[in-house]
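Listed below, chain by chain, are the residues.
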Amino acid sequence: MFKKFSLLLLSLILFFGAFLPQGKSSAASGSIIISSDTANIRSGPGLSYPLVKIANRGEKYSIVKEKDDWIQIQLSFGKTGWVVNWLVSKENEQKTANAASASNSADTVAKANTDQLRVRSGPGTSFQIVGFLNKGQEVTILDQNENWYKITSTFGEGWVARDFLVIQTGQPEKKPESTTSKGTTSGVVNGDTLNIRKEPSSSSSVLGKLTKGTIVTIYDKQKSWYEVGFGNLKGWVSSEFIDKGSDASKVDKPAKANGITGTVTANSLSVRSVASLNASIVGSVTKGQSFTILEENNNWAKIEYKNGSFGWVAGWYLEKSSGKSSSGQTSGNDKTITILQDGTNIRKEANVQSDVLQRANEGESFSVVSVKNDWYEIKLKNGKSGYVAGWIVSTNGSAPRIEKSGADGYLKNKTIVLDPGHGGGDNGTTGASGTLEKNLTLRTARLLYDKLSAAGANVYMTRNTDSYLTLPSRVSLASANRADAFISLHYDSNLDRSVRGMTGYYYHSYQKSLADTIFASTIAQTKLSNRGVRFGDFHVIRENSQKATLIELGYLSNPEEEMTLNSGAFQENAASGLYDGLARFFKEN
């Protein structure tokens, strides 16, 4: 009797059990793809469970169910395992993201809206210049953030400030014909650099520039002006500098006619078969060698790199000189630098923490007194001396070229975890005008992520969407990836709305050096009030066995500072300061 009763009771339990609550776990479907280099698969949903296997990037698994921050996946031979959700991406989410990325950027064409637009190896002014764009030159956009576009052009890939590219929303503009047709003829530029203007007047705005030897189409003539076309450019040039029709064959080699030479400023510079970074390498030249420039094309220079052998080198690695000053005498050892952008700091000493003596604007030139580390000592107009960072200016004459000693070199292969504070249902603090801290921390982290990735670092974000992650999970991500640095980003608040400024925190003594270095660099870049670096009892640094810091990047409760913190300029400066601080930390440690 008891046995029958037991069997009946067991049947009832099994029947109704399907309708009972299942706790915090939930059944799921679909699949995940491992998105980190390696991911530990454990026997249960927690770091204390035994390791079942190590999965590699790109491996795909079916989802069994999810519980908190863990996903149970189907392994081979009927076995299952658990993986933390921040090391994987769900297949449908990845497809959606890839499709959105492709539709938003793959075929997006833009044009440069200024001449000599610098293209850099990463999204920031501290990255090396890899090329230039001329006004009207078309590029394809590969990726973007709020301040920079990643583009591809004739010389390869690079990053350009968004303000200087115009997205082409309609059909591509029809290019002027480069061959003669009814009512047109061809011509060749005979001047070193020729301005194309909007109207047939020397006071009209400049649309672009042409170099000597460029073949153009001539459409019209008004007095001493030709209307010409080249590529996407169409405008007016002085007829004095165009050899028309059969006279084109009489054009001499540009540099030979004017004695223009180029001195190599890179340690080693590849010589290519044609004017493109994608062209085959036919030779190489070294720093200090000088060559006659035979021809120029889109910032590339044709040289005779050895007797009877010709090729093209990147013109931005040549220091050009005519060999004569304006008086007709040789220029000797004139050493000058030219400022590349408005608001460049001239400092009292050769470091970024030194006081700013004055700010210089694009195009201003200064005599070089000496070189100290990566800085030029320059003579100011008042007769005093100051220092300017050598990697943000161009050199003239015999001044040695300085390139920033590789921030990317110190960051390459470093593992960095970025923690945008709050997220999901946790808004963090709310600013005086309604700014949510969780949105601003993610905005800063994304800009910093792009810079670090471009430098070759292995970067992980505790969240890259408006989602919530527990504090222990954030710390676990640093531990699981053996992070070289963990940076938690926050914005501050105070009942006293006059309080403002930036604060850095550490908990363990082994974290202080990281906090100090990153804080000093970010303060110098953003110019916020300095509230110092101090001890802070915060979970993400207290429970962190890695080198970690928490940075409060200003007060949203201060209405004036809130406006500053929301600006694109501040966000770019904050990300640049954090980036430079990390590079300096790894350089010194």
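The structure displayed is predicted, hence computed values, not measured ones.

Details of the overall build of the chain
Phase 1 of the analysis: A count of helical and extended segments in the chain gives ten helices and 43 strands.
Phase 2 of the analysis: In the chain, the proportion of contacts linking residues at least 24 apart, taken out of those at least 6 apart, comes to 62%.
Phase 3 of the analysis: When the accessible surface of the chain is totalled, it reaches about 29,400 Å², and 48% of it is carbon and sulfur.

Comments concerning the environment of Y61
Phase 1 of the analysis: Residue position: Y61 is located in strand β5 (residues 60–67).
Phase 2 of the analysis: C-alpha separation for the pair Y61 and S76, spaced 15 residues apart in sequence, amounts to 9.6 Å.
Phase 3 of the analysis: Apart from the residues lying within four places of it in its own chain, the contact partners of Y61 are G30, S31, I32, I34, K53, A55, I73, Q74 and L75.

A word on helix α6 (residues 471–480)
Phase 1 of the analysis: For α6, the set of buried residues is S473, R474, V475, S476, L477 and A478.
Phase 2 of the analysis: Buried-residue contacts for α6 involve β38 (415–420), β39 (458–461), β40 (485–492) and α8 (539–542).
Phase 3 of the analysis: R482 lies just past α6 and shows a positive phi near 50 degrees.

Some thoughts on the pairing of β38
Phase 1 of the analysis: Among the six residues of β38, six are classified as buried, and the element is accordingly described as predominantly covered.
Phase 2 of the analysis: Residues T415, V417 and D419 point to one face of β38 and I416, L418 and P420 to the other, with burial holding for every one of them.
Phase 3 of the analysis: Two strands pair when backbone bridges link them, and β38 and β39 are joined in this way by four bridges, in the parallel orientation. Bridge pairing links L418 to M461 in β39.
Phase 4 of the analysis: Chirality of the crossover, the property in question, places the unit of β38, helix α5 (residues 437–454) and β39 among those that are right-handed.

Considering the sheet that holds β39
Phase 1 of the analysis: Pairing in this open sheet of six strands is mixed, and the strands run β39-β38-β40-β43-β41-β42 from one edge to the other. This sheet does not close on itself; its edge strands, each paired only once, are β39 and β42 (530–535). Strand-to-strand, the axes of this sheet are offset by a mean angle of 20 degrees, without reference to chain direction.
Phase 2 of the analysis: The pairing of β38 with β40 spans five bridges and is parallel. Bridge assignment links I416 to a residue of β40, and that residue is A485.
Phase 3 of the analysis: Running at roughly 150 degrees to β40, helix α10 (residues 568–588) makes contact with β38, β40 and β43 (548–555) of the sheet.

What to know about the confidence of the model for the chain
Phase 1 of the analysis: Considering every residue of the chain, the mean pLDDT works out to 78; 78% of them sit at 70 or more.
Phase 2 of the analysis: Element-level mean pLDDT values for the chain span from 39 in helix α3 (residues 254–258) up to 98 in β40.
Phase 3 of the analysis: Across residues 12–24, confidence stays below pLDDT 50; counting only partners more than four residues off in sequence or on other chains, it has three contacts.
Phase 4 of the analysis: In this model, residues 171–182 is a region of pLDDT below 50 whose contacts with residues beyond four sequence positions or in other chains number 17 contacts.

Description of unusual backbone geometry
Phase 1 of the analysis: One non-glycine residue, K223, lies in positive phi territory at about 55 degrees.
Phase 2 of the analysis: Mapped onto the elements of the fold, K223 is located in the loop between β19 (215–222) and β20 (225–230).
Phase 3 of the analysis: Even without a glycine there, the phi angle at K527 is positive, about 65 degrees.
Phase 4 of the analysis: Structurally, K527 can be placed in the loop between α7 (512–526) and β42.

The rules behind each value
- Residues numbered from 1 in each chain as written.
- Predicted model: local features only at pLDDT ≥ 70, side-chain atom pairs only at ≥ 80, totals over all residues.
- Heavy atoms only, no water.
- Helix = DSSP H or I, 4+ residues; strand = E, 2+ residues; numbered from the N terminus.
- Contact = heavy atoms within 4.5 Å.
- Areas by Shrake-Rupley, 256 points an atom, 1.4 Å probe, with all protein chains shown as cover.
- Buried < 20%, exposed > 50% of the residue type's maximum accessible area, 1.4 Å probe, protein only.
- Pairing = 2+ DSSP bridges.
- Right-handed = clockwise from strand over helix to strand, strands pointing away.
- Axes fitted to C-alpha atoms, helices over the stretch in contact; angles between N-to-C directions.
- pLDDT = per-residue confidence, 0-100.

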